[in-house]
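Geometric and topological summary
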Amino acid sequence: MLEGTKINSPSQMSSIFDIAKDTVLFLLLSCYYILESLFWTLVPNIMRPMKSLKDDVILITGGGGGVGRQLAIRLARLGARVILWDINKEALEKSCNDLKDEGYEVRGDVVDLADKESVYAAADKVKKEVGKVDILINNAGVVFGETLLDLSDTAIETTYKVNILAHYWTTKSFLPDMINSGKGHIVTVGSVAGLLGTYRCTDYSATKFATVGFHESLFTELRAHGHNTIYSTLVCPYYINTGMFDGVTPRLMPMLEPDYVAETMIDSIRKNEVNCIMPGSVRYLLPLKCLLPAKMCWDLMHRVMKGPQSMMHLKRKPKLT
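Read on for an overview of the structure.

Quick word on the overall build of the protein
Along the backbone of the protein there are 11 helices and 7 strands. Taking 20 Å as the expected radius of gyration for a compact globule of 321 residues, we find that the protein reaches 21 Å, a close match to that expectation. Taken along its principal axes, the extent of the C-alpha atoms in the protein is 60 × 55 × 40 Å. Across the protein, every contact between residues at least 6 apart in sequence was considered, and the portion connecting residues at least 24 apart equals 71%. Of the roughly 17300 Å² of accessible surface on the protein, 59% is carried by carbon and sulfur atoms. Computed over 36 positive and 35 negative side-chain charges, the separation of the two mean positions in the protein equals 3 Å.

Take a look at the structure:
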């Protein structure tokens, strides 16, 4: 599907002249890209061109609570047609009722994202009964918060199925229609824990690292084959105060609130941003892990940030056997 637009591969090695020409062009364009980025960074959102989401069909996984519920409410207020998926029927009904109380129509489907066939069946039902999905927000996630040797095999498998494998099944279901229509947006919700390994998160961090690779690879496939109107956005927030990380006490910055995360995500989607890291200051710290000596990085994490110590207070989740 993605290979509808073929890439012209050179039949022989590029000449030195071609390499030099492309390098000079890259440097010139880089100056433009940097200036453009600085300009839009300084311009307030109210003055920026933001795409309309009115009448767009937006599907949100993990819509039963937390950020998913806040996204649904705000997107409905912007005129979007919202579809919510969640495994928790009661939480899903609560989200749907919140939207209906404000006068918005909403569709809620109980879907087990850990079950590939259930995902495909639910996606087929949406396409038949609603039509094309314009924006897919892969938001659902689980965390068990155990050290590696305390994690059950079932917990590890569930984390991978929900946090990353489900992204493949949902995207494969809805991306073809986006490509056919020339309009679409895939939003991948990762985490700062997918940019920096986190204590008691060998499963969770690994799946969130995988979401980063998934997003970046999908982005290159779409661009390489000329699907420039199909956008992809990676969202990497810090700890969010949704209950997933109950008990955690970050030292240097407080947890993010779900309404702030949802609002920032929507702004990022409407600006067609490729990456959205929250808070923005975190992006300036991440390169340090590659630039500083490993011992220095550990001391910064352990002594100054006290990352492992804060995660030691994470309330344990029910164990899966």
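Quick word on the packing of aromatic side chains
Tallying each qualifying case throughout the model produces 8 aromatic pairs. The interplanar angle of 55° and the centroid separation of 6.4 Å between the aromatic rings of tyrosine 168 and tryptophan 169 together place this pair among those described as tilted. Judged by relative accessible area, which is 19%, tryptophan 169 ranks as buried. Site record: aromatic cluster; members linked through ring pairs are Tyr120, Tyr168, Trp169 and Phe214.

Details of the pattern of salt bridges
Summed over the entire model, instances satisfying the criterion amount to 10 salt bridges. For aspartate 56, the salt bridge goes to lysine 183, with nearest N and O atoms at 2.7 Å. Of the two residues, aspartate 56 sits in the loop between helix H1 (16–42) and strand S1 (57–61) while lysine 183 sits in the loop between helix H5 (153–181) and strand S5 (184–189), which places them 127 residues apart along the sequence. Across the pair glutamate 273 and lysine 271 runs a salt bridge, and its minimum N-O distance is 3.6 Å. Accessibility expressed as a relative area gives 24% for glutamate 273, which makes it partly exposed.

As for the pairing of S1
Across the 5 residues that make up S1, a large majority, 5, are buried. Burial along S1 is two-sided: Val57, Leu59 and Thr61 facing one way and Ile58 and Ile60 facing the other are all buried. Relative to strand S2 (residues 81–86), S1 runs parallel, the two sharing 5 bridges. Residue pairing in the sheet places leucine 59 in a bridge with isoleucine 83 of S2.

Describing the nonpolar core
Of all hydrophobic cores here, the largest spans 49 residues; its most connected members are Ile60, Leu71, Leu75, Val82, Ile137, Phe245 and Met265. With 6 residues, the top contributor of residues to this core is helix H2 (residues 66–77). Excluding residues within four positions of it along the chain, methionine 265 makes contact with Val67, Leu71, Ile137, Val187, Val189, Val235 and Met278.

Re the side chain of aspartate 134
By the element assignment, aspartate 134 lies in the loop between helix H4 (116–129) and strand S4 (135–138). Separated by 2.6 Å, the side chains of aspartate 134 and lysine 132 make a polar contact. Residue contacts for aspartate 134: discarding those within four places in its chain leaves Asp55, Asp56, Val57, Met178, Lys183, Gly184 and His185.

What to know about the environment of glycine 64
With respect to the secondary-structure elements, glycine 64 resides in the loop between S1 and H2. We classify glycine 64 as buried; its relative accessible area is 5%. Between the C-alpha atoms of glycine 64 and leucine 148, which are 84 residues apart in sequence, the distance is 28 Å. Discounting residues that sit within four places of it in the chain, glycine 64 has contacts with Arg69, Asp86, Ala91, Leu92 and Ser95.

Here's the deal with the side chain of threonine 211
Tracing the backbone shows threonine 211 in helix H6 (residues 202–224). Judged by relative accessible area, threonine 211 falls into the buried class, the value being 0%. If near-sequence neighbours (up to four positions away) are discounted, threonine 211 is found in contact with Asn163, Ile164, His167, Thr188, Val189, Gly190 and Leu234.

So, how was this worked out
Residues numbered from 1 in each chain as written. Predicted model: local features only at pLDDT ≥ 70, side-chain atom pairs only at ≥ 80, totals over all residues. Heavy atoms only, no water. Helix = DSSP H or I, 4+ residues; strand = E, 2+ residues; numbered from the N terminus. Rg over C-alpha atoms; globule rule 2.2 N^0.38 Å. Contact = heavy atoms within 4.5 Å. Areas by Shrake-Rupley, 256 points an atom, 1.4 Å probe, with all protein chains shown as cover. Lys, Arg positive; Asp, Glu negative; His and termini not counted. Charge placed at Lys NZ, Arg CZ, Asp CG, Glu CD. Phe/Tyr/Trp six-rings, centres within 6.5 Å; stacked < 30°, edge-to-face > 60°. Buried < 20%, exposed > 50% of the residue type's maximum accessible area, 1.4 Å probe, protein only. Salt bridge = Lys/Arg side-chain N within 4 Å of Asp/Glu carboxyl O. Pairing = 2+ DSSP bridges. Core = buried A, V, L, I, M, F, W, Y, C linked by side-chain atoms within 4.5 Å. Polar contact = N/O pair within 3.5 Å; in protein donor to acceptor, adjacent residues only side chain to side chain.

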